[in-house]
Amino acid sequence: MIDLKNLTIKKARQALDAKEFSAVELAQAYLDEINSKNKELNVYLEVFDDVLEQAKSADERIAKGESSPLLGIPLAIKDNILICGKTFSSASIILQNYVASYDATVIVKLKKQGAIFLGRTNMDDSAMGGSTENSAYGVTKNPHDTSRVAGGSSGGSIVAVASDMALGALGSDTGGSVREPAAFCGIVGMKPTYGRVSRYGLMALGSSLDCIGPAAKNVEDTEIILNAISGSDILDSTTITDTTYPKVSMKKEITIGVPWDLVNAKGVDEKVKENFKYSMEKLQSLGCKVVDISIKNIDMALAVYYIIMPAEASTNLSRIDGMRYGYSADGKTFWDVYKNSRGKGFGKEVRRRILIGTYVLSAGYYDAYYGKAQKIRAMLKQEFAKAFEAVDFIATPTIPFVAWKIGEKTDPLSMYLADIFTITANIVGVPAISIPSGFSEVEGLPAQAGKKLPLGIQFMASHGAEEMLFEIGKKFESIKDNQE
Ligand code: GLN
């Protein structure tokens, strides 16, 4: 029996190379785990039928003496990343039977390494949401408390890792969709620098914000996945190279800036604040310098995001019209087909964002909303650049509260507020990582008295400084009592 609970990518690599178990045995162990858990947690929309074949060819490569960090490593892939020949639905009705005709660049890279794709994972419809409650295929449950959400929109990918149904995963992060669920479920999730990972073959949402990001059990594994998928790509002109941003090195005394105004804002749970303060004290005891920083207009980031993101999404989604591919509804006229296909094919939240997006881009409102949001975005970029002259990292909690009960948040705004700490990194384009920072005991859980729900700490660094994030991340992980 392979001990999946304590297995990491690093350990699996060593075991595969040492022939302690084969890639087929490892893949089978994950398939068994999926078999016993997927029904309840609703993580995979599809488990691929060629998993063992993929594993067999990984074994053949290992037998030939080949080795790469992800050869034979079973991964979960979010349902908005194209894998040639596989269905790709973005957890939406409108793309329910769409079959990908090419591989996303990240998939090409992972195939080269010989990673195993276990299946495609559940998410919010078109990656809009923070709980997977917007999926057309049911909600993904939090493995720490199945009456609660897993977070989103990459909920399936995150729970796959958190409940030993994959060793690592890919999600997409436009406003926090890898980091937020990672924090809700107690694993590591990362949004790289904008452009670090090619978006080619990722369903476009907010093109100036979208990033494919890795998730894993620890920082080291997250780094392994990021290294495998990053790199400039001729098929995505926004990708960066190692020299796009000047190399930054850590200050003599590691300096962490905290925007306390934001952390102490109303609406941030007291237990979250306590946990975060405790984490900062621990980092200080490890020799880090913690300073108070104020970032002008950071409180406007959420509003800016919820203008820019719907604006870009409404434009991107206009290509899905019921005519060329995906779900097509009946109708007498062209317009009937168009209206019925989009009306029935897209979920409620997606339709809401398309309406908001088209509104803020429309003549007469463009300057008041979209134009203004872009100006604030430019100001925030400058503010961050200034802040990173003085500090190595900006730290905040990842989430303002623990995972909520399924169905509890009925108005969209209360759900948008969950993104308060994560969206700025997307607006500014800097890399950010969420690392488990302990648990919060939740009252009022009669059936699960004493149950604890995970919390996360987020570190942001300047453009291109992922390596520094891994360094501080590993340091933070070394604080053992974080996990109590
Ligand atoms: N919660 C955010 C939203 O609903 C994040 C989405 C994402 O990162 N894909 O827009």
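Just above sits the structure.
All values derive from a computational prediction rather than experimental measurement.

**Q** For this particular structure, what's the right way to read the environment of proline 454?
**A** With respect to the element layout, proline 454 can be found in strand S13 (residues 452–460). Expressed as a C-alpha distance, the spacing of proline 454 and glutamate 441, which sit 13 residues apart in the sequence, is 8.9 Å. Discounting chain neighbours no more than four positions away, the residues touching proline 454 are His144, Ala183, Phe184, Cys185, Gly186, Ile399, Val402, Gly438 and Phe439.

**Q** How should the site of the ligand be read in this particular structure?
**A** Near the ligand lie 15 residues; those nearest to it are Thr174, Gly175, Ser177, Tyr305 and Arg353. The contact in question runs from an oxygen atom of the ligand to an N or O atom on the side chain of tyrosine 305, over 2.7 Å. Taking 300 Å² as the accessible area of the ligand by itself, protein coverage stands at 99%. The leading source of residues in the shell around the ligand is helix H10 (residues 301–316), at three residues. Among the residues forming the shell around the ligand, the class breakdown is six nonpolar, six polar and three charged.

**Q** Looking at this model, I keep getting lost on the packing of aromatic side chains. Mind explaining?
**A** Within the structure shown, the criterion is met by 18 aromatic pairs. Aromatic pair phenylalanine 334 and tyrosine 338: ring centres 6.3 Å apart, planes at 25 degrees, arrangement stacked. Taken together, the residues span about one helical turn, with phenylalanine 334 and tyrosine 338 both in helix H11 (residues 334–345) at a distance of four residues. An aromatic cluster is defined as three or more aromatic residues linked by ring pairs; in this entry it consists of Phe88, Tyr98 and Tyr325.

**Q** Explanation requested: the environment of glycine 138 in the structure shown.
**A** Among the secondary structure elements, glycine 138 is positioned in the loop between strand S3 (116–121) and strand S4 (141–142). By relative accessible area, glycine 138 is classed as partly exposed at 31%. Along the backbone, glycine 138 and asparagine 122 are 16 residues apart, and their C-alpha atoms lie at a distance of 8.4 Å. Discounting chain neighbours no more than four positions away, the residues touching glycine 138 are Asn42, Asn122 and Thr132.

**Q** Even after reading the chapter, I still don't get a nonpolar patch on the surface, so can you show me in this structure?
**A** Taken together, the side chains of Met323, Phe334 and Trp335 present a nonpolar region at the surface, about 350 Å² in accessible area. Note that methionine 323 resides in the loop between H10 and H11. Look at methionine 323 and you get partly exposed, because its relative accessible area is 37%.

**Q** Just to check I follow, could you spell out the pairing of S3 for this structure?
**A** Put simply, side chains in a regular strand alternate between the two faces of the sheet. Within S3, six of the six residues are buried, leaving the element largely enclosed by the surrounding structure. Where strand S1 (residues 44–47) and S3 come together, three bridges link them in antiparallel fashion. Bridge pairing links valine 47 to glycine 119 in S3. In terms of strand pairing, strand S2 (residues 74–78) meets S3 through five bridges, oriented parallel. Within the sheet, the bridge partner assigned to proline 74 lies in S3 and is isoleucine 116.

What counts and how
Residues numbered from 1 in each chain as written. Predicted model: local features only at pLDDT ≥ 70, side-chain atom pairs only at ≥ 80, totals over all residues. Heavy atoms only, no water. Helix = DSSP H or I, 4+ residues; strand = E, 2+ residues; numbered from the N terminus. Contact = heavy atoms within 4.5 Å. Near = heavy atom within 4 Å. Polar contact = N/O pair within 3.5 Å; in protein donor to acceptor, adjacent residues only side chain to side chain. Areas by Shrake-Rupley, 256 points an atom, 1.4 Å probe, with all protein chains shown as cover. Nonpolar A, V, L, I, M, F, W, Y, C, P; charged D, E, K, R; others polar. Phe/Tyr/Trp six-rings, centres within 6.5 Å; stacked < 30°, edge-to-face > 60°. Buried < 20%, exposed > 50% of the residue type's maximum accessible area, 1.4 Å probe, protein only. Patch = residues over 30% accessible without salt bridge, like charges linked within 9 Å, V, L, I, M, F, W, Y side chains within 5 Å. Salt bridge = Lys/Arg side-chain N within 4 Å of Asp/Glu carboxyl O. Pairing = 2+ DSSP bridges.

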